[in-house]
Every structure is written in C-alpha cells, then in structure tokens.
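The primary structure of each chain is shown beneath.
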Amino acid sequence: MNAPSSRAALPVLSAVLAFAVCAPLLGRGFVLSYDMVFAPRQYFVPDAFGVGSTLPRSVPADAAVALATTVLPGDIVQKIVLLSAVFFAAFGAGRLVPTEHQGTRLVAATAYAWTPYFAERLFIGHWPLLLTYAALPWIVGAGLAVRAREPGGLPKLVIACAPAVLTPPGGVLAAAVVVVAAGSRRLRQTVPIALVLNLPWLVPTFLDAGGAFSDPDGVTAFSARAESWGPALLSVLGLGGIWNAETVPESRAVPLVPVLTLIVVAVAIAGLRPLAHRCGKAPVRSLTALGVLGVLLASLATLPGGDTLLTAATRYVPGAGLLRDAQKWVAWWALPLALGFALAVEAAAAKLKTAGGRVGLVTAAVVFPLLTMPDLAWGGWGRLGTAQYPADWAAVSGQLGDRPGDVLALPLSAFRGFAWNADRTQLDPAPRALPKPVLMDDTLQVGAERIAGEDPRIGDVRAATSARELTDAGIGWILVEHGTPGYVDPRLLAGATPVWSGDWLTLYRTPGEPAVKAISWTPALLANGVALTLLCVAVLCRMLPMRTLGRGRILPPRKE
C-alpha cells in the first residue's frame, strides 16, 4: 500500500473492466437493445441536426455517428463507443483521485465504473449518457486546472467536454460539472464554453420552443423506482433506481444491497474530508453539493410534492421534459461517492500494521463492486448480444432514391421485436438505417400507461384512412416491417404502389406528389459549425507550442 505499484496497473485494470463488460459484444454485428440503435451507415437527415419534426433528443449524437460511419462500419463505431465508455470512466476516476498510491486509484476506478448507473444505462441503450459519465472525471480534472489557472486549462476543458455534449441531458450534466469544478471566478470563461458546446441542441430547441413540451404523465411513469426493500431514494443513493425494471441487474434486488449502500455512502462521506484537504475545500464542497442535488432531482418525483412540481414544469415550461427520467442526474453523485470511498479505504489501510493487511483491504475494496453486482459482466450475463441486419435493409435504402417525402414506418410503434435480434426489445432502426427522414409513432407504453409522443405529425398519420391522405401529410414512402408485433391498417396500403418486398420489409410508394415542408438548415448548421470550431481550436491549442507561436516562429528548446 505504501509503495506505489506500476503505473500500468490503472490502465490495465481499466482495459480489463472494459473487456469484462463488452467481451461477448466484440464480434461483428450490432448491439440493438432498447434505445441503443446503430446502423451499418447512418445519414445526415434533418432529425440528426434537430431540424426535423421531433425534439432534438439525440442531437448532435446522430450527426456524429453519421460522420463516423462514413469512415468506419457502424458496428465498429458502436464497439469503440462501448469499450471507450467503460475504459475512460475507470481510467478517469483513477487518475483524478489525489493520491500517490496506485491501490487507491484502482479502488476509485472500480467504484466509479462498475456501478448500477452504468449497468442500467447500458442495458437500456443510453450510450451517449455512458460517454458523458465517462467524461465527467476528465471534466473535473480539467476544471480544477482552470481553477488553478494552469496553462492550457481551457483547451483541455473543451476537449474533455466533447464526448459529453452529444445529447441535451449529457450537455446539462457536463455544463454543471464544468461550472462547479472551475469555480465562480472563472464563470466568464466556463459559461460561454458550456453554451457554445451545447449550441447544436440548444438552437433547434429554442427555435421550436412551442413544440418543446412533453406529456406530463411521463413524470410518474419515468420516476425513480425502488430496486429492493428500501425506498427509491436509497436505490438512487446507490446510483441505481432507473424507471425501467427490465433493465435493472438482478443483483440489485438482493436484500443486502440497501444495507451495503448505506455502508458505502457512510464510508464515502468519511473520505470527503481527506479529499477536501488534498483538492481544496471549495471544489470538493461544490462537487458534493452538486452530487446531493443530483440525488434530490433523481428522487424528486417520489418525494412529497415532487410529482406535482415536476408535472407542472413539464406542462408549462418548454424543454422541461429533460426532468423526466430524472434518475440520470444522479451521475453527479457518482464522483464524490467513488473518490470519497477510495480515500476512506486508503486512510483505513494506513492504520493497519501489516503490509498483508493493507494489501488485503485494498484488494477487497477493488473487487467489492464486482462481487456485489457481478451481472454487469459479460454483457450482463448474456442480456446483450450482437445481431446482423437482414439484407432487406440495404435493399430498401437503395430503392428510396431522390423522390421527395418522408418514410412512414409501420406498425405504428416506437419499439420492435425481431427474430433476427433474438426478439429483444429495440427501438425501430428505420430512422437511423435509412437515408430519408422516417416518421414513427413515438408514443411509449410504460406499464399500463401510454405516454404521448412529441412528434406533432403523428396525429395526422393516425387520422389518415388512405395512402392519398398520407401523401398530403408529406409521406412519400410506407415501410412495413414484418415479424414484429403490431397492426397495419390495410386501408393505408390499398392505394400505395409496392416497390420492393422481402422477408422482413416491404416498401410502398404513396400516390401523387408528397407535400414537403421546407426546412431551414442554416441555424442548425451554424450552431454545429461554431461548436465544432471551438473544439478544433482547443485541439490545436493542445497540439501546437503556443508560446513559441506567439513569437511568430517555433524555436528548438534551449540547451542548459
């Protein structure tokens, strides 16, 4: 414990954790589970930039994946994302903890990466949130450098934030950590950085503020839930409590888990004092307060009056739908919990008299998260797997051509269950697999509740009784997906022309000329351009020797 181990221990452990989670997913094929949908090639459709008819919930993530899949196959991009999320979460937390002991770094790595938050967001398919979670330790490290006015701190902060701002929730999580870590004296630098990096989704959201409302019924449906005999608040304190019971590891229901959660929280709180001594009281207090805020926001709908407050906000405040599925905000609590736990273990080990005892305690702390939640390993013990898209999808993509009009995906349902993906629940892949905008019914069934979707055009589709009426609604194509539950109204197909048919898909062309609404691309492209320019400038600042450039030329180092 007292002698630092090899510096390779932390990256090696981080890699081991990444492969322990993702090993069965590394063969060719796609992991298609709930909201996690990658395609062989994604396209720069309007919804990827937030200028379509839906809210910009996956902006600019879809555009980033579309860009990446112009270079690499989509399944390779997905595997890089998943491996990177686990690796950099563990590696970042281990690097961040202020210690000279490698054992302490290893404790922080597993305490941060191997968590219910990571498992539940992986199983539900929220890969952008996984990248945000992995980026938070790096954002804190860069923010502390900015607070200390270290050279190159601001460019480092911009680069650290880049993986975190791929969706609105990730952007908000990152922005709050940026402000807190860098401190109030650097608000003039950090607030503009956070705003610019979030412009890709902020601009389309404010331009369509009238349509940025969500169904208030979703507050209750998406509220945190208890995973064992304790209340939802206790599950959230342990970084769990996601609303979807089907994505919760079975180990979270073990009766001992709430007791272990209280013990871990108590140990972590004890470790916050040495953390504050080494990092400074102000940043640690701010990060801890932000973590407590995350716990309260995540649990708010389950607390007295919280449901009413969130329902009113969702009904009357544009964009307040971000507060639904509030358990995601508990990510703020993960870092104080992991760092405090690691330093408390270090302090306890230092009091032991024998080297064997110290090594044993640290080793037990490292493996503790793995033992209490073993079902994150191996893709959730087989919960996740890979699948290949049938050739029908490539054939349909080639048939769409230049004819105007959106594609209507039938049956009218957001989620599918295909035999070629082992009947796993998955989001309809059509919006990401086809080169044209796809209209699907985004109404969600959560238990016995139906949560209204956010695409205003779906009402016209539901009211349509013929293919001609779909044409008038801007639909140029109808895609019928076979082998998945749902009803297809035959009246919608009666006047349509079959174009291509296979085992899994049938494509129809609607009659006449679709009424296509003009799209203004300029604001969205400008917003993305500004954010991308800031990132490029930050990368250049980190790569180039700015001090010598400031004198107009690059000079070799002087010999002493």
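Residues numbered from 1 in each chain as written. Predicted model: local features only at pLDDT ≥ 70, side-chain atom pairs only at ≥ 80, totals over all residues. Heavy atoms only, no water.

**Topic: helix α17 (residues 355-372)**
Then comes step 1: The terminal C-alpha atoms of α17 lie 26 Å apart, and with 18 residues this matches the ideal 26 Å at 1.5 Å per residue to within 8%.
Then comes step 2: The sharpest bend along α17 comes to roughly 35°, located at Val-366, with the proline Pro-369 sitting one to four residues further on.
Then comes step 3: Of the residues making up α17, those classed as buried are Arg-358, Val-362, Ala-365, Val-366 and Pro-369.
Then comes step 4: Buried residues in α17 make contact with α4 (102-113) and α16 (331-350). (Helix = DSSP H or I, 4+ residues; strand = E, 2+ residues; numbered from the N terminus. Expected span 1.5 Å × (residues − 1). Bend = angle between axes of the 7 residues up to and from the residue. Buried < 20%, exposed > 50% of the residue type's maximum accessible area, 1.4 Å probe, protein only. Contact = heavy atoms within 4.5 Å.)

**What to know about the pairing of strand β9 (residues 505-509)**
Then comes step 1: Most of β9 sits out of view: 4 of its 5 residues are buried.
Then comes step 2: One ladder, built from 5 bridges, connects strand β7 (residues 475-481) with β9; its direction is antiparallel. Paired with Val-480 across the two strands is Thr-506, which belongs to β9.
Then comes step 3: As paired elements, strand β8 (residues 497-501) and β9 share 4 bridges and run antiparallel to each other. (Pairing = 2+ DSSP bridges.)

**Overview of the sheet that holds strand β1 (residues 406-410)**
Then comes step 1: Spatially, 5 strands are ordered β4-β1-β7-β9-β8 in an open sheet, and the strand pairing comes out mixed. A single partner strand is all that each edge strand has here, and the edge strands are β4 (438-439) and β8.
Then comes step 2: On top of the sheet, helix α19 (residues 391-400) reaches β1, β7, β8 and β9; it is set at about 10° to β9, its chief contact. (Axes fitted to C-alpha atoms, helices over the stretch in contact; angles between N-to-C directions.)

**With respect to the environment of Trp-378**
Then comes step 1: Tracing the backbone through its elements, the reader meets Trp-378 in helix α18 (residues 377-381).
Then comes step 2: The spatial distance from the C-alpha of Trp-378 to the C-alpha of Val-438 is 34 Å, given a sequence separation of 60 residues.

**Digging into a nonpolar patch on the surface**
Then comes step 1: Judged by side-chain polarity, Ile-159, Val-539, Leu-540, Met-543 and Leu-544 come together as a nonpolar surface patch covering roughly 430 Å² of accessible area.
Then comes step 2: Considering every element that reaches the nonpolar patch, the biggest residue donor is helix α24 (residues 522-543), with 3 residues.
Then comes step 3: Here Ile-159 lies in helix α7 (residues 153-161).
Then comes step 4: Overall, the relative accessible area of 30% leaves Ile-159 in the partly exposed class. (Patch = residues over 30% accessible without salt bridge, like charges linked within 9 Å, V, L, I, M, F, W, Y side chains within 5 Å. Areas by Shrake-Rupley, 256 points an atom, 1.4 Å probe, with all protein chains shown as cover. Salt bridge = Lys/Arg side-chain N within 4 Å of Asp/Glu carboxyl O.)

**Comments concerning the packing of aromatic side chains**
Each pair of aromatic rings is reported with the distance of its centres and the angle of its planes.
Then comes step 1: Summed over all chains, the structure comprises 18 aromatic pairs.
Then comes step 2: With 5.1 Å between their ring centres and 80° between their planes, Phe-30 and Tyr-389 make a pair best called edge-to-face. One end of the pair, Phe-30, is in the loop between α1 (9-22) and α2 (61-68); the other, Tyr-389, is in the loop between α18 and α19, with 359 residues separating them in the sequence.
Then comes step 3: Arranged with centres 5.5 Å apart and planes meeting at 40°, the rings of Tyr-389 and Trp-420 form a pair that is tilted. In this pair, Tyr-389 sits in the loop between α18 and α19 while Trp-420 sits in the loop between β2 (415-416) and β3 (426-427), placing the two residues 31 residues apart along the sequence.
Then comes step 4: Overall, Trp-420 belongs to the buried group, its relative accessible area being 14%.
Then comes step 5: Members of the aromatic cluster, connected to one another through ring pairs, are Phe-30, Tyr-389, Trp-393, Phe-418, Trp-420 and Trp-504.
Then comes step 6: Cation over ring: Arg-121 sits above Tyr-117, and NZ or CZ is 5.7 Å from the ring centre. (Phe/Tyr/Trp six-rings, centres within 6.5 Å; stacked < 30°, edge-to-face > 60°. Lys NZ or Arg CZ within 6 Å of the ring centre and 35° of its normal.)

**Comments concerning the side chain of Thr-190**
Then comes step 1: Inspection of the secondary structure puts Thr-190 in helix α9 (residues 187-197).
Then comes step 2: Among the residues examined, Thr-190 registers a relative accessible area of 0% and is labelled buried.
Then comes step 3: Setting aside its immediate chain neighbours within four residues, Thr-190 contacts Leu-157, Val-178, Val-179 and Ala-182.

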